[in-house]
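Structural characterization, general
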Amino acid sequence: MNWTNALPVVAVFSSLLPGLLIFALREQQQGLRTGLNLLGVTVKLIVVGVMLWGVSQGLDFRVEAPFLPGGALILHGDALSLQFVSLSAVLWMATTIYAIGYLRGTPLQSRFFGYFSICVSATVGVALAGNLITFLLFYELLTLATYPLVVHRGTREALDAGRSYLAYTVAGGTLLLMGIAVLHALSGSPQFVPGGYLASVPARHGPALTVAFALLITGLGVKAALIPLHGWLPKAMVAPTPVSALLHAVAVVKAGAFGIVRVIYDVYGAETLEQLDLTAPLIAVAAFTVIFASLRALQQRHLKRRLAYSTVSQLSYIVLGAALLGPIAAVGGLVHLIHQGIMKITLFFCAGAFEKTLGVHRISEMDGIGRRMPLTMSAFTVGALGMTGIPPTAGFISKWFLAAGGLEVGQPWVVWLFVVSGLLNAAYFLPLVYRGWFSIPTAEWPEDHQPESGWETRRMLLLPTLFTALLTLLMGLLAGSALGPLGWSQLIVAREFPL
Amino acid sequence: MNYALASLAIPFTVALLTLLLQRRSEANPIVPAITVLATAVSLVFAGLALETQAVSGAVSHLNVGGWDSPLAIRLRLTPLKALLLGFVALIHLLTGLYAWRAKPKIARDYWPLSALLHTSLAALILSADIFNLYVTLELLSLSAVALVCLSGPKAYTPALYYLLLSLGASLCYLMGVAVIYGQYGVLDMTVLAGIMEADHSTRFALLLMTAGLMLKGALWPLHLWLPEAHTYAPTPVSALLSGLVVKGPLFILWQLWNNLAPEALAREMGPLFAAGGVVALVSGGWSAFRAPFIKTLVAYSTVAQLGYALMGLGLLLFLQERIYAVALWLFVLAHGLAKVSMFLAAGEMQTLLGSKRVTAMRGATQTIPITMSAFAIAGISLIGMPPTGGFLAKWSLLEPLFTQANHWPWASGVLLGTFVSAAYVFRAIALGFYQAPMSREPRHFDRVSQWLALLPALLVGLMAFAGQDLIAWMAGVTQT
């Protein structure tokens, strides 16, 4: 085994091992716990950095072990997987620091950080999975590792949310298993290839392929929160905010969206999908989700729930970008995988900071919060403008490419979809910005915890927030540079659509 | 063959020896040590038998006392039998170790009886004629009933039901044997396999024997005795009953239909078995979901999981593809390990939490994390999520179904089974995540017994990582 084989394994284990070790720690060993976490974060960032460099140079990071007949365990760092891996590694770092600050003084931290690390390992495994079997393994691990985080508070409400989460995701996982088994029976589970490996399956198996596609997309659609499979997501808001942040930006929902991208491009391939005419229903569902979830977001009175519905809506951008089967739309979808993650995590970090510092949960309580917490509110504003798609934020780049992609494949209605969606986004985000900056606080804050440091909130809550807000701006401003997510998405698409 | 004989003879000797040792003093501390050690040795011998047998792929016979066919007690060893011998010894070893550590101390009669149970299972596995199988079945049931009684008067009623039903079942089986003997004049299975015809009396005999075996093996719909008996038995006994005892009759059933029965009859029977399996999965799972006590939940889950095995058997007979035999025996192995873990964990919970109720598991992730992990990992294997042994077995059952379009409907049985298992497993696990009540005095854990409960769960939890080799190897083992 040389170093190129070892790196994907290290990428997974750099969070798995600390996670398992953390379980064994006593509650008071906070220093050691933080140390293990940060060690894992550092190792993972370095490994991901090396892999990014390697893949851009044309190196291949791949390791294989026997697993099932016809379906080995493959970890493969290609351009697409690294897109997702880098997102998880960077946001894991931010969220770990945030979570340490957020959970200070609460019980059961060892259990929390243990599962938190395993959750990230599962996400990285999902990203690096080189075939469907490996994908399934980590996808199910993710389901299991996230559950304890969702129910972390241990209240009846949390457990109810957990039940709903499990009901949706375990059912989804089972359907995914069925779909994978159908494909496995047809062609084994070979490695993902750009352009799909199912093109060689004889045409008489068309119905089986159609059923398998429906099973796979339904199974993945649960985590990607396609309507009507999204019911668990707003309920899961009861989890501690760092969990919601990670769930919404990186781990669970992205695993679903990423899986859909994989299935579309590397399992079926654009050609097969066009022959079987399978994408039209998916496009319809995604488009409906974009609009309907935004309407639902408008009705929410709780900040976190509004953010949750906004996630449902934004995730379907990614799905839509992939399902349109055109290179430009694909760039838009892929880059939104990153952009949505960074922007949404900023918004959740802010929501958590409001909650921890001032006890603010409801939108009506946000009046004038910008005067009290100007830095956090600035970060919130950047995230909100990004979500709305106003230049120069990252969100604008995504929408631009998605709309252009719709035109490219001869579906001009997509442009109108994004116009309407943008208006709706503005309708549910801009009032928050207005309230925060320009309304006058009406009453006392629900709970006031002024930190002793003199900062507006705990330092460990503020710094990650500012960091991701800054990233949101930079990704928009420097979108043209080859190093950013946009450049990388174009690299992926160049490899996926050999023209 | 000699190794296999040793694996059979050792527990037998121990059963007699411990009985003698018990006479002298009230509770001889040496007895558990001897039994556990002997089980380990028996496991080693079974391993050796498996190695020689699986390598040569050979089938060996032994005529006890040198008598030939009609009079002899014939033993037969195949790779699958060697594997099962090892499995039986392994499960006995795991439960034996736990019983040794158990607080409060287990009744001293546990040791000779469990050794006897081990002996009768080994004999059942090795027997080559259908009458000897009857004898070993009786031995098995009697020692199992006696073991259930060990937990005192509250277990007497379930034990009595178990005894009566078991006797009835044996009678059914014996009548079937008599009919076959009357018709063919032979009892040896290898000889019978060549000459059985699909006529009415054979059909009748096979059905009688099947009914008896299904009753003993608690296969749906003849499972009604199982939950009570498993709930009230002492913890290590419940583990043995669920992990092993019900698999004995299943093994005979498999030989009966897979080796003896004419293919035409087997094909007819297949869909019935498979359908019964699906119903078992759903109804057993539903009962487990509703169960008020932890052990009842685990016991009903055995009923449900046996449905998978029955489905595997049915599909094997019906579709005549070897992979279903692999699935069937993988289910048996995975379920055995998972169930041992679950019952031991359930027993620990009863002692540590001071209640039998499922609702007592509230907050268990915080108060007894290791035990809870054992329960959870074993449960995840029962659901069949990767990378557990349960997943491997489910995959072997599911994947070949999709190769032909007209077999697809059976996959929905697996789908249903997964949903129901997930429901009852996660119902229990979820309770563990409630905030634990704070004001409890610190509990005195026995870390060793907690880890003993966790060990089989870890084994089964990572089983699928050896999946490719295991499936290929099992395909070879189940050939004969």
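Below is a summary of the structure that appears in this document.

Rules used in this analysis
- Residues numbered from 1 in each chain as written.
- Chains lettered and ligands numbered in written order.
- Predicted model: local features only at pLDDT ≥ 70, side-chain atom pairs only at ≥ 80, totals over all residues.
- Helix = DSSP H or I, 4+ residues; strand = E, 2+ residues; numbered from the N terminus.
- Rg over C-alpha atoms; globule rule 2.2 N^0.38 Å.
- Buried ≥ 20, exposed ≤ 12 C-beta atoms within 10 Å, placed from the backbone.
- Contact = placed C-beta atoms within 7 Å.
- Nonpolar A, V, L, I, M, F, W, Y, C, P; charged D, E, K, R; others polar.
- Expected span 1.5 Å × (residues − 1).
- Arc of directions from axis to C-beta.

Remarks on the overall build of chain A
Along the backbone of chain A there are 19 helices and 2 strands. Taking 499 residues into account, the globule formula puts the C-alpha radius of gyration at 23 Å, and chain A, at 21 Å, falls close to it. C-alpha extents for chain A along the principal axes are approximately 70 × 55 × 45 Å. Looking at chain A as a whole, 63% of its 499 residues are labelled buried. Counted over contacts in chain A with a minimum sequence separation of 6, partners at least 24 positions apart contribute 81%.

Quick word on the interface of chain B and chain A
Listed by partner, the interface residues are 27 residues for chain B and 26 residues for chain A. Residue assignment for the side of chain B that touches chain A shows that the elements contributing at least two residues are helix H15 (364-367), helix H17 (389-398), helix H18 (408-432) and helix H20 (467-477) of chain B. If you tally residues by element for the side of chain B that touches chain A, the top one is H18 of chain B, at 7 residues. A class-by-class count of the residues in the side of chain B that touches chain A yields 18 nonpolar, 7 polar and 2 charged.

Focus: unusual backbone geometry
All names here are of chain A. A cis geometry characterises the amide bond from isoleucine 227 onward to proline 228, with omega recorded as 10°. Turning to its location among the elements, proline 228 is positioned in the loop between helix H7 (206-223) and helix H8 (232-235). Unlike most non-glycine residues, leucine 108 shows phi in positive territory, near 60°. Given 19 C-beta atoms within 10 Å, leucine 108 falls into the partly exposed group. Phi is positive for aspartate 277, which is not a glycine, with a value near 55°. Considering the arrangement of structural elements, one finds aspartate 277 in the loop between helix H10 (252-276) and helix H11 (279-299).

Concerning helix H19 (residues 485-496) of chain A
Residue and element names in this part refer to chain A. Under the 1.5 Å per step criterion, the end-to-end length of H19 is 16 Å for 12 residues, consistent within 8% with the ideal 16 Å. Along H19, the residues classified as buried are Pro485, Leu486, Trp488, Ser489, Ile492, Val493 and Glu496. End-on, the buried residues of H19 take up no more than an arc of 160°, which puts them together on one face. As for H19, its buried residues are in contact with helix H3 (79-103), H10, helix H13 (327-358), helix H16 (394-408) and helix H18 (459-477).

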